[in-house]
Amino acid sequence: MAEEIIESDDFVRNAYIIINEMLDLSNHTTEDTTVLVDEILHSIFFLGTITNSAYTPKKILDVKFAEIKALYPKPFECYSSQLPRRSPFSCVLDMIVRLTGQENEKGIQTTLQRLIDDLRKGAKSDQKCLFSSAICISQAGQSSVKHYGVSMSTSTRDAREIMVAVSCCHEWDEYVAGAVMTYFPNKKKNKSKDRKTEIDGTIRLPENVKCRAFSLLDGKVKPPCRSCANLFSLKTSTIEKWPYGNCAESESLSNLFKNEAQVKNRVELQTPMSWTAEYKEGAKKTLLTFLKNSLKKVNFNQDMIVYTPTISGEKVNVHI
Ligand SMILES: [Zn+2]
């Protein structure tokens, strides 16, 4: 696949490979997965436009531009005016989970690793570009349903911060969002308006909930980092600390809570007194102001409307 591309830039190259892979997977299943293709097109085009104005859909898709635009028009209309809820690789994860089967953990991991190997093989730089470096599996008890998540698939600090902010406000379960909002964007615990009280939405997981994370670069076990230990009271011995909200644990736990109400009901706030409706509202306001300013920095001067992918009843096949 990569040989057809003359473009030397990793963003454009990886974007093309990932989109092609999603179209290929969507073509080879009887399931209607067009909503995921629509969503990833928008998410990638958005990241392209805020990263470098030269990364246009035309540049990314090259000779396939017209065909893909005709089949999925909405991402092309909205990528420069609306925000994605999650970073692109989360759509790849969803697609692979649907096609491989929710319980086939090894199969999901291997398929994602294979794609990432392809992306890294021909890359010009070592920088992670449009793919995630970790996957996390959360479940309540050993024989219960597995819920997956991947780390942020962004390659610049601005893009990562924008995606963490949008995911907090519009995508993640309220407990995950609350925990992340405690430390994000300020790294230290955010303070309430009177500047005295520390607001704290961090959580304690029910005893039987386990998170296991693996590197998608080498398949090795990844213990939770210090930030995730702070957010979700996970035990760890590592000193590694990734930016708040960046890791695969957030998406994976969010999927667990969204899908299993009886597990979510047993989640406890670390300090319930400091996470009242008023404090929560204040934290969200701070975050929205931060998001607005971050978007301005990358020349995105639109209202903060979130994109809704097209749900198609009919399957669309693209010739790839
Ligand atoms: Zn972490």
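Computed from a predicted model, the values in this text were never measured in an experiment.

(A) Here's a closer look at the packing of helix H9 (residues 174-183) against helix H11 (residues 248-259). The geometry of H9 relative to H11 is characterised by a closest axis approach of 8 Å and an angle of 145 degrees between their N-to-C directions. Contacts between H9 and H11 pair Tyr175, Val176 and Val180 from the former with Ser250, Leu253, Ser254 and Phe257 from the latter. Of the residues assigned to the contact of H9 with H11, the class counts are five nonpolar, two polar and no charged.

(B) Geometry of the coordination of the zinc ion. Protein-derived ligands of the zinc ion are Cys225 (SG), Cys228 (SG) and Cys247 (SG), with the metal-ligand distances lying across 2.3 Å. Summarised as a motif, the one-chain spacing of the donors to the zinc ion is C-x2-C-x18-C. Linking Cys225 in the loop between strand S5 (209-215) and helix H10 (226-232) with Cys247 in the loop between H10 and H11, this pair joins segments that are 22 residues apart in sequence. Across this residue pair, the class does not change: Cys225 and Cys247 are buried.

(C) Local environment of the pattern of salt bridges. As enumerated under the stated definition, the model contains 14 salt bridges in all. Put simply, Arg157 and Glu161 hold a salt bridge, and the shortest N to O gap is 3.3 Å. Here Glu161 and Arg157 lie together in helix H8 (residues 157-170), a separation of four residues that amounts to about one turn. Residue class for Glu161 comes out buried when judged on its relative accessible area of 10%. Asp200 is the partner of Lys189 in a salt bridge, and the nearest nitrogen-oxygen pair spans 3.2 Å. Pair noted here: Lys189 is in the loop between H9 and strand S4 (203-204) and Asp200 is in the loop between H9 and S4, with a separation of 11 residues, a long-range link. Judged by relative accessible area, Lys189 falls into the partly exposed class, the value being 24%. Judged by relative accessible area, Asp200 falls into the buried class, the value being 5%. Residues joined in a network through salt bridges with shared partners are Asp173, Glu174, Lys264 and Lys280.

(D) Geometry of the packing of aromatic side chains. All chains considered together, the criterion is met by eight aromatic pairs. A centroid spacing of 4.7 Å and a plane angle of 5 degrees characterise the contact between Phe11 and Tyr55, whose relative ring orientation is stacked. Here the residue Phe11 occupies a position in helix H1 (residues 10-27), and Tyr55 occupies one in the loop between helix H2 (34-51) and helix H3 (57-61), the gap between them amounting to 44 residues. Here the two residues Phe11 and Tyr55 agree in accessibility, since each one is buried. Residues Phe184 and Phe290 carry aromatic rings whose centres are separated by 5.4 Å and whose planes lie at 80 degrees to one another, so their mutual orientation is edge-to-face. Of this pair, Phe184 sits in the loop between H9 and S4 while Phe290 sits in helix H13 (residues 277-297), placing them 106 residues apart in sequence. As far as burial versus exposure is concerned, Phe184 and Phe290 are alike and both buried. Three or more aromatic residues link up through ring pairs in this structure, and these residues are Phe45, Phe65, Phe76 and Tyr79. Directly above the aromatic system of Phe214 lies the positively charged group of Lys106, at a separation of 5.5 Å from the ring centroid.

(E) Quick look at the sheet that holds S5. An order of S3-S2-S5 is seen for the three strands of this open sheet, with the pairing classed as antiparallel. With partners counted over all chains shown, the strands left at the sheet margins are strand S3 (147-150) and S5, one partner each. Neighbour-to-neighbour, the strand axes of this sheet turn through a mean angle of 20 degrees, independent of strand direction. Here strand S2 (residues 134-140) pairs with S5 via seven bridges, running antiparallel. Across the sheet, the residue bridging to Ala140 is Val209, located in S5. The sheet contacts of H11 involve S2, S3 and S5, and relative to S3 the element is tilted by about 150 degrees.

What counts and how
Residues numbered from 1 in each chain as written. Predicted model: local features only at pLDDT ≥ 70, side-chain atom pairs only at ≥ 80, totals over all residues. Heavy atoms only, no water. Axes fitted to C-alpha atoms, helices over the stretch in contact; angles between N-to-C directions. Helix = DSSP H or I, 4+ residues; strand = E, 2+ residues; numbered from the N terminus. Contact = heavy atoms within 4.5 Å. Nonpolar A, V, L, I, M, F, W, Y, C, P; charged D, E, K, R; others polar. Donors = N, O, S within 2.8 Å, 3.2 Å for Na, K, Ca; no water. Buried < 20%, exposed > 50% of the residue type's maximum accessible area, 1.4 Å probe, protein only. Salt bridge = Lys/Arg side-chain N within 4 Å of Asp/Glu carboxyl O. Phe/Tyr/Trp six-rings, centres within 6.5 Å; stacked < 30°, edge-to-face > 60°. Lys NZ or Arg CZ within 6 Å of the ring centre and 35° of its normal. Pairing = 2+ DSSP bridges.

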